[in-house]
Amino acid sequence: MEFGEAQFFTKIDELRAYLLNKVVGLSDEDEEISSKILDCIENVILQVVTSLSQDEAPVLVLPNRASWDNVRFDSAIGLQMSSTRAAMTIRSSCPKSATTFSQILKILSVIYTLVQSNSYATKRDIYYNHPQLFGSQRTVDRIVDDVSCMLKVPRRSLRVLATSKGLISGDLCYTEEDGTRIDCHSNSAAVAVSSNIAGIRNVVSSAKFVLVVEKDATFQRLLHDDFCTKISPCIMITGKGFPDVNSRLMVRKLWDVLHVPVFTLVDADPHGIEIMCIYKYGSVAMSFEAHSLTIPSVMWLGILPSDLQRLQVPRDALIPLSKRDENKLNSLLKRPYVAEQPEWLKEMELMQKNKHKAEIQSLAAIGPDFLTSIYLPNKLRYGGWL
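The present account deals with the structure reproduced in this document. Worth saying up front: this structure is predicted, and the values here are computed from it rather than measured. (Residues numbered from 1 in each chain as written. Predicted model: local features only at pLDDT ≥ 70, side-chain atom pairs only at ≥ 80, totals over all residues. Heavy atoms only, no water.)

## Things to note about the state of the cysteines
Stage number 1. Under the definition given, this model contains 0 disulfides.
Stage number 2. Cysteine Cys 234 shares no disulfide, and the gap to the nearest cysteine sulfur, in Cys 228, comes to 3.8 Å.
Stage number 3. For Cys 234, a relative accessible area of 0% puts it in the buried group. (Disulfide = S-S within 2.5 Å. Buried < 20%, exposed > 50% of the residue type's maximum accessible area, 1.4 Å probe, protein only.)

See below:
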């Protein structure tokens, strides 16, 4: 099979044309919001000072980012924060929350300085400058997201950067904000996803599609097998499991700029399905930033539970669902977006019925190169996605 011939991409080109017809009013990511951030922080501090002047213990009120009560489902956007009915009150006078109160004020102070000076800092910088206050890197990560939600501004606009864990490879070149030109064409090594997606410009690519790979191990296997060369032109990206925000922003950036189909390759298990749903519909914790993170046009390429039957994957390559898997699957079946995807629902119900799961690597039981030589090429050529 000559993968490079134009005929190979017929189904993908048809899908791209369909998706382009659905594109409506893309948002401007470069809108200036620095003054809004400064005003919001000043208002928070003013409330604290006012409380102190009245001999009252200051409090901070944060939306609860873990509550479904604050989230509604919009088929065009995904999971979107629509209210703050569920909120957390951080009291400076309460021993259990006094430290958190101090940590939030410190983060606000750092952000205010960064925005004023138009400079950047990493979350690791913030932690290591104040390790005794924060105690752990995870605390900084959580509070930065809490502050972003409280101020109702995208996290990237706070000038606080996070180290990316994702990797990208394929037909793609772009320029970083500092002027560095990045070339992702190498067949032997992937490029780390940028820590400043908003600063990326001059994107050049002839890619026909983007393939989001759940696991780093599978990504490396595809890289080793020259997948991006055999089925060129394309772009391949992995968030190494549960994706970080930068990996999600990068996939969204590629969609915004290139408008090509985005496919996901995940394990045929509840965890893999949830990861795919995060790329497509977002997560409750980051629902306040859904507009810049979700890609509702994402398609499920594989591994489908029905593929396991259709391809007669050997039973010894299948894994029984654990109680934890069953609970996760039941939770997914109740998600508001499942009703929008009846074909996905059938696949999940099939998994529930058969009570087994499979990793992408299970296809190696059919043949060592079955994934890259047969499974993916046939899926992409004949439209085997949901």
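## Brief notes about helix α15 (residues 370–382)
Stage number 1. Largest kink in α15: about 25 degrees, centred on Leu 376, with the proline Pro 377 one to four residues after it.
Stage number 2. Every buried residue of α15 is listed here: Phe 370, Leu 371, Thr 372, Tyr 375, Leu 376, Pro 377, Lys 379, Leu 380 and Arg 381. (Bend = angle between axes of the 7 residues up to and from the residue. Helix = DSSP H or I, 4+ residues; strand = E, 2+ residues; numbered from the N terminus.)

## Digging into the environment of Ser 82
Stage number 1. Mapped onto the fold, Ser 82 is located in the loop between β3 (78–81) and β4 (87–91).
Stage number 2. Take Ser 82: its relative accessible area is 42%, and that puts it in the partly exposed class.
Stage number 3. For the pair Ser 82 and Asn 70, spaced 12 residues apart in sequence, the C-alpha separation works out to 5.8 Å.
Stage number 4. Excluding anything up to four places from it in sequence, Ser 82 contacts Asn 70, Val 71 and Arg 72. (Contact = heavy atoms within 4.5 Å.)

## Let's talk about unusual backbone geometry
Stage number 1. Of note, the bond from Gly 302 into Ile 303 is cis; its omega dihedral lies within 30 degrees of zero at -5 degrees.
Stage number 2. Residue position: Ile 303 is located in the loop between β15 (299–302) and α12 (305–310).
Stage number 3. Phi is positive for Arg 159, close to 70 degrees, though the residue is something other than glycine.
Stage number 4. Residue placement: Arg 159 occurs in the loop between α6 (137–151) and β6 (160–161).
Stage number 5. For Lys 355, which is not glycine, the phi dihedral falls at a positive 60 degrees.
Stage number 6. Position of Lys 355 among the secondary structure elements: in the loop between α14 (342–354) and β17 (356–357).

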